[in-house]
Amino acid sequence: MRIVFMGTPDFAVPCLEKLVEMGEDVVGVFTQTDKPVGRKQILTPSEVKVCATERGIPVFQPKTLRNGEALEILNKLKPDLIVVTAYGKILPEEIINFPEHGCINIHASLLPKYRGAAPIQWSIINGETVTGVTSMQMDVGLDTGDIILQSETEIGGNETAGELFDRLKVIGADVLEKTVNLIKNGELKRIKQDNEKATYVTQLDKSFSPVDFNKTATEIHNKVRGLNPWPAASFLLENTRFKLWETRVGGKTDKAPGTVIESNSRLIVACSNGTSIELLTVQPEGKKRMSVSDYLRGHKISKGTIMG
């Protein structure tokens with residue numbers, strides 16, 4: 001089957017690799033334009049572009065899908081199917097309906113929950129214990145198309161978004177393989193999403209980083225996990241901004257939220273509802289990340305200090 005693949009970040013790479021491994025005829029890859037990265041703003045290709053180039057697959061990087069350029073490319077490639085995984089662009093109806101088998105999307109949530117951007121991070125931030133991957137027949141809505149297949153997985157109590165990301169991208173490739181085989185065998189069945197159960201999430205940015213110790217320890221722990229590795233949770237201590245990489249829910253306390261209640265070799269802070277949280281791994285601004293025990297060996301933090 002002639003397939004055009006559309007994707008951009010590392011999450012999409014296993015899906016592209018799976019199509020190649022299956023022996024499908026991947027006639028072209030669409031990915032976002034190269035972006036400046038790092039302090040030196042070096043123009044850097046997407047992970048999908050790197051993967052496609054290594055495999056000799058033609059790469060296309062239209063800045064928009066709505067000026068006819070993309071449709072002209074598709075007319076030349078003549079795909080039977082378009083596979084979309086974390087492409088980062090909204091497909092217009094003329095492209096969704098272009099191939100014989102339409103467009104299928106691999107989405108990192110159990111739809112209809114967590115439609116939109118950053119579903120992996122938000123599932124952890126919101127304290128979900130189960131998530132998964134959905135293959136969907138795309139329509140013009142935002143992740144509203146019919147469900148084809150779903151694969152569930154449990155979220156570990158200390159699992160970070162980065163760790164879950166790495167697991168779900170492998171699960172996504174497996175779901176894609178099964179979906180493509182259903183299409184090829186004429187066995188595809190679709191299930192309408194229940195829109196009344198739909199939830200939507202937005203993209204994250206650094207404005208989400210600051211930790212609020214007026215939340216419960218569990219809520220803070222989930223936020224720290226969900227923002228790891230990006231944009232990373234943060235807190236303020238004595239006018240120094242710290243990134244907070246790892247925590248553990250502590251015991252009960254009667255201290256006011258934000259109060260340091262232990263600061264010898266461990267750093268434990270009071271939270272709301274009589275809960276507390278232990279900070280395990282931190283990164284002072286301008287320095288490398290380190291264990292709290294290492295930080296405390298060189299920096300005294302007094303009990304009763306208020307964290308911000």
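Just so it is clear, the structure is predicted and the values come from calculations on it, not from any experiment.

A. Spotlight on the side chain of lysine 169. Considering the arrangement of structural elements, one finds lysine 169 in helix H6 (residues 161-184). Setting aside its immediate chain neighbours within four residues, lysine 169 contacts Asp10, Phe11 and Pro14.

B. Quick look at the nonpolar core. Phe5 and Leu16 are the most contacted members of the largest nonpolar core, which totals 33 residues. Considering each element in turn, this core owes the most residues, 8 residues, to H6. Counting 29 residues, the second-largest nonpolar core is a separate cluster that includes Ala217, Phe242, Val282 and Tyr295.

C. The sheet that holds strand E10 (residues 146-154), seen in detail. Read from one edge to the other, the open sheet built from 7 strands follows the order E5-E2-E1-E6-E7-E9-E10, with strand pairing classed as mixed. The sheet terminates laterally at strand E5 (59-60) and E10, the two strands that pair on one side only. Two elements, strand E1 (residues 2-7) and strand E6 (residues 81-85), share 5 bridges in a ladder whose sense is parallel. For isoleucine 3, the partnering residue across the bridge sits in E6 and is leucine 81. Contacting E1, strand E2 (25-30), E5 and E6, helix H3 (residues 69-77) runs over the sheet at an angle of about 170° to E2.

D. Broad picture of unusual backbone geometry. With an omega dihedral of 15°, the bond running from leucine 111 to proline 112 counts as a cis peptide bond. Within the secondary structure layout, proline 112 lies in the loop between strand E7 (103-107) and strand E8 (115-116). Residues tryptophan 230 and proline 231 are joined by a peptide bond in cis, for which omega reads 5°. Looking at the element boundaries, proline 231 is found in the loop between helix H7 (217-226) and strand E12 (233-237). Even without a glycine there, the phi angle at lysine 78 is positive, about 50°. Its place among the elements puts lysine 78 in the loop between H3 and E6. Positive phi is not limited to glycine here, since alanine 232 has a value of about 80°. Positionally, alanine 232 belongs in the loop between H7 and E12. Classification of alanine 232 as buried rests on a relative accessible area of 2%.

E. Molecular detail of the packing of helix H1 (residues 13-21) against helix H2 (residues 47-54). It is at 9 Å that the axes of H1 and H2 come closest, and there the two elements cross at 20°. What the angle tells us is that H1 and H2 run roughly parallel. Considering the relative orientation of H1 and H2, their crossing is right-handed. Between H1 and H2, the residues in contact are Val13, Leu16 and Glu17 and Glu47, Val48, Cys51 and Ala52, respectively.

F. Up close: the side chain of threonine 153. With respect to the helices and strands, the residue threonine 153 is situated in strand E10. One polar contact links threonine 153 to arginine 167, side chain to side chain, over a distance of 2.7 Å. Among residues more than four places away in sequence, those in contact with threonine 153 are Thr129, Val130, Thr131, Gly132, Arg167, Leu168 and Ile171.

G. Here's a closer look at the pattern of salt bridges. On inspection of all chains with the given rule, the structure shows 19 salt bridges. A salt bridge links aspartate 174 to lysine 178; its shortest N-O distance comes to 3.3 Å. Taken as a pair, aspartate 174 and lysine 178 lie in helix H6 at a separation of 4 residues, close to a single helical turn. Salt bridges sharing partners connect three or more residues here, namely Arg248, Glu262, Arg266 and Glu278.

H. Summary view of the pairing of strand E9 (residues 130-137). With 7 of 8 residues buried, E9 lies mostly within the body of the structure. Relative to E9, E7 is paired through 4 bridges, and the arrangement is antiparallel. Pairing of isoleucine 106 across the sheet is with serine 135, part of E9. Across 8 bridges, E9 lies against E10 in antiparallel orientation. If you follow serine 135 over to E10, its bridge partner there is leucine 149.

I. Geometry of the environment of leucine 279. With respect to the helices and strands, leucine 279 occurs in strand E16 (residues 276-284). For leucine 279, a relative accessible area of 1% puts it in the buried group. Measuring from C-alpha to C-alpha, the distance between leucine 279 and glycine 250 comes to 9.5 Å, with 29 residues separating the pair along the chain. Setting aside residues up to four positions removed in sequence, leucine 279 forms contacts with Phe235, Leu244, Glu246, Thr247, Leu267, Val269, Val292 and Met307.

J. Quick peek at H1. Residues of H1 that are buried: Val13, Pro14, Cys15, Leu16, Lys18 and Leu19. Elements in contact with the buried residues of H1: E1, E2, H2, E6, E7 and H6. Backbone geometry just after H1 places glycine 23 at a positive phi near 85°.

Analysis parameters
- Residues numbered from 1 in each chain as written.
- Predicted model: local features only at pLDDT ≥ 70, side-chain atom pairs only at ≥ 80, totals over all residues.
- Heavy atoms only, no water.
- Helix = DSSP H or I, 4+ residues; strand = E, 2+ residues; numbered from the N terminus.
- Contact = heavy atoms within 4.5 Å.
- Core = buried A, V, L, I, M, F, W, Y, C linked by side-chain atoms within 4.5 Å.
- Buried < 20%, exposed > 50% of the residue type's maximum accessible area, 1.4 Å probe, protein only.
- Pairing = 2+ DSSP bridges.
- Axes fitted to C-alpha atoms, helices over the stretch in contact; angles between N-to-C directions.
- Parallel < 35°, antiparallel > 145°, perpendicular 65-115°, else oblique.
- Left-handed = near helix turned anticlockwise from the far one by under 90°.
- Polar contact = N/O pair within 3.5 Å; in protein donor to acceptor, adjacent residues only side chain to side chain.
- Salt bridge = Lys/Arg side-chain N within 4 Å of Asp/Glu carboxyl O.

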